[in-house]
Amino acid sequence: MLTGKVAVITGSGQGIGKTCAETFLNNGAKVCLSDVVVDRLQATYEEFKLQYGAENVHQIPCDVTDKTQVEDLFKGTVDTFGAIDIVFNNAGVGIHEDWESVIQINQIGVIRCTYLALEYMKKSSKGPGGIIINMASFAGLCSSPLDPIYASSKFGVVGFTLSHALHADVVDSGVRMVALCPTFVDTTMIDDDNMKYFIEKIGVIKKEKLAEVVLEMVKDETNNGKCMVVTAQFHYYKDDFPKVEDVFLSTKQS
Ligand SMILES: NC(=O)c1ccc[n+]([C@@H]2O[C@H](COP(=O)([O-])OP(=O)(O)OC[C@H]3O[C@@H](n4cnc5c(N)ncnc54)[C@H](O)[C@@H]3O)[C@@H](O)[C@H]2O)c1
Ligand SMILES: CCCCC[C@H](O)/C=C/C=C\C/C=C\C/C=C\CCCC(=O)O
C-alpha cells in the first residue's frame, strides 16, 4: 500500500500516466495529476475526484518544457499535500514532425523535472526521500530506425537516469532514480501504420499491466540506478550496463 505517500505524474491526462495515477490512488496514495493539455487534465481530474475524493487528487497544468511551470508543479504539490514521495516523469511524445521538440519534451523535460523534484524530495532539504521514475522506452536500448530522434531522446533518459543515480547529489539523498523501458503499450501513441509490423511481431503491453510494474518499482527500496524492461511477456531489471570504473578496471593496458 502507498498510504500516506504523495505522487506527481507528468502527462497524466491520458494514457500510461492516467492509468498509473489510478493504480496509485487504488493503493492509497494522493496524486497530483499534470498535463500540458488542460481540458484532458480537467476531465481526468473530475473523474478521479468523484471516484477517490477531492482530498486525494489534485491537478496542476504543466508543460514540462517550461521551467517556471515545472517549478509551480512541484511547489504546488507540496503546498497542497505537504510533501512529494513519488515522481513519475512520464510526459512524452512519439513520432513528431518537429524533431527538436521531441528532444525538448522527452529528454530535457525529464532532466528538468528530475532536478527540480529532487530539491523537494531530498532529505538534506528536509524532504521525505522517495523515488523518481523516468519514462524511457525499449527504443532507448536498441537501434530503431523507424524514428532515430525518438530513440535518441529515450537513450538520453536511460543514460541520464543511470548516471545521475550514482551522482554525489543523489546517492545520499534518500531518493532512488530508476528508468522504465517498455515495448509497445496500448495507448493512442502507437496508432501509426508504420508500427503495425513491429506490433504484430512483439505484441502490446496493457496499460494496467505496466502500471502494476510501476507500482512494484515504487515499492522496491533497493532499485536505485536500475533500468526496468517491460515486454508483453515479461519484465526484469536489465543489469548488464557497465559502470565507468568496471570498464577501466577490466581494460588491459597494452
Ligand atoms: N505507448 C507506448 O507504446 C510507449 C512505449 C514506451 C514508452 N512510452 C512512453 O510513455 C510515455 C507516455 O506515453 P503514452 O503512450 O501514455 O502516450 P499518450 O500520448 O497517451 O500520453 C502522453 C501524455 O503526455 C502529455 N504531454 C505531451 N507533451 C507534454 C509536455 N510538453 N508537457 C506535459 N505533458 C505533455 C500528453 O498531453 C499526453 O497526455 C511517453 O513518454 C512515451 O514515450 C510509450
Ligand atoms: C521495440 C520498441 C518499442 C518502443 C515503443 C515506443 O516507446 C513507442 C513509441 C511510439 C512512437 C515512437 C516512435 C518510434 C518507435 C520506436 C521504435 C520502434 C522500433 C522499430 C524500429 O524502428 O526498428
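In this report, the structure presented in the accompanying data block is examined. Owing to the predicted nature of the structure, the values given are computational and were not obtained by experimental measurement.

Here we come to the pairing of strand β1 (residues 6–9). Because side chains alternate across β1, one face comprises the buried residues V6 and V8, and the other comprises A7 and I9, equally buried. Inspection of the sheet shows β1 paired to strand β2 (residues 30–33) by four bridges, in the parallel sense. The residue of β2 that forms the bridge with I9 is L33. Handedness of the crossover joining β1 and β2 through helix α1 (residues 15–26) is recorded here as right-handed.

In this structure, the largest pocket spans a volume of roughly 1,200 Å³. If you trace the largest pocket, you find 47 residues lining it, with V93, G94, Y150, K154 and M189 closest to the centre. For the lining of the largest pocket, the class distribution of residues is 26 nonpolar, 14 polar and seven charged. Counted as a void, the second largest pocket has a volume near 370 Å³. In this structure, the second largest pocket is lined by 17 residues; those nearest its centre are L162, G225, F241, P242 and K243.

This part covers the packing of aromatic side chains. To describe a pair of aromatic rings, one takes the distance between the centres and the angle between the planes. In the structure shown here, the tally under the stated rule is four aromatic pairs. Judged by centre distance (6.0 Å) and plane angle (40 degrees), the rings of F234 and Y236 are tilted. For K226, the ring lying beneath its charged end belongs to Y237, and the centroid distance is 5.1 Å. It is K238 that lies over the ring of F241; its NZ or CZ is 4.9 Å from the centre.

A separate point is unusual backbone geometry. Residue K126 is not a glycine yet carries a positive backbone phi of 65 degrees. Tracing the backbone through its elements, the reader meets K126 in the loop between α4 (99–121) and β5 (130–135).

Below, the discussion takes up the site of ligand 2. Of all residues adjacent to ligand 2, which total 16 residues, the nearest are S137, S144, L146, Y150 and M195. The contact in question runs from an oxygen atom of ligand 2 to an N or O atom on the side chain of S137, over 2.6 Å. One of the side-chain N or O atoms of Y150 is found 2.6 Å from an oxygen atom in ligand 2. Protein coverage of the free-state accessible area of ligand 2, which is 560 Å², stands at 91%. When each cavity is represented as a set of grid points, ligand 2 is found to reside in the largest pocket. When the residues that make up the shell around ligand 2 are grouped by side-chain class, the tally is 11 nonpolar, four polar and one charged.

Turning our eyes to something else, we now look at the pattern of salt bridges. Here the structure, examined in full by the defined rule, presents eight salt bridges. The shortest N-O distance in the salt bridge between K75 and D79 comes to 2.9 Å. Separated by four residues within a single helix, K75 and D79 lie in helix α3 (residues 67–81), roughly one turn from each other. Residue K75 is classed as partly exposed on the basis of its relative accessible area, which comes to 43%. For D79, a relative accessible area of 56% translates into the label exposed. A salt bridge links E119 to K122; its shortest N-O distance comes to 3.3 Å. On the basis of relative accessible area, E119 is assigned to the partly exposed category, the value being 43%.

Before going further, it helps to examine a nonpolar patch on the surface. A cluster of nonpolar side chains, contributed by I95, L146, Y197 and F198, occupies part of the molecular surface with about 390 Å² of accessible area. Assignment of secondary structure puts I95 in the loop between β4 (86–89) and α4.

The environment of ligand 1 is formed by 28 residues, the closest being I16, D35, Y150, V185 and T187. One of the side-chain N or O atoms of Q14 is found 2.9 Å from an oxygen atom in ligand 1. Within the side chain of R40, a nitrogen or oxygen atom sits 2.9 Å from an oxygen atom of ligand 1. Protein chains shield 94% of the accessible area of ligand 1, which is 820 Å² for the free molecule. Structurally, ligand 1 is housed in the largest pocket. Of all the secondary structure elements, the ones that give two or more residues to the shell around ligand 1 are α1 and α5 (148–164). Here the shell around ligand 1 is built from residues that sort into 16 nonpolar, eight polar and four charged.

Criteria and cut-off values
- Residues numbered from 1 in each chain as written.
- Chains lettered and ligands numbered in written order.
- Predicted model: local features only at pLDDT ≥ 70, side-chain atom pairs only at ≥ 80, totals over all residues.
- Heavy atoms only, no water.
- Buried < 20%, exposed > 50% of the residue type's maximum accessible area, 1.4 Å probe, protein only.
- Helix = DSSP H or I, 4+ residues; strand = E, 2+ residues; numbered from the N terminus.
- Pairing = 2+ DSSP bridges.
- Right-handed = clockwise from strand over helix to strand, strands pointing away.
- 1 Å grid on protein atoms, 1.4 Å probe; cavity = no way out; pocket = protein on both sides within 12 Å on 5 of 7 lines; lining within 4 Å.
- Points joined across faces, edges and corners; volume = space filled by probe spheres on them.
- Nonpolar A, V, L, I, M, F, W, Y, C, P; charged D, E, K, R; others polar.
- Phe/Tyr/Trp six-rings, centres within 6.5 Å; stacked < 30°, edge-to-face > 60°.
- Lys NZ or Arg CZ within 6 Å of the ring centre and 35° of its normal.
- Near = heavy atom within 4 Å.
- Polar contact = N/O pair within 3.5 Å; in protein donor to acceptor, adjacent residues only side chain to side chain.
- Areas by Shrake-Rupley, 256 points an atom, 1.4 Å probe, with all protein chains shown as cover.
- Sits in = over half its atoms within 2 Å of the grid points.
- Salt bridge = Lys/Arg side-chain N within 4 Å of Asp/Glu carboxyl O.
- Patch = residues over 30% accessible without salt bridge, like charges linked within 9 Å, V, L, I, M, F, W, Y side chains within 5 Å.

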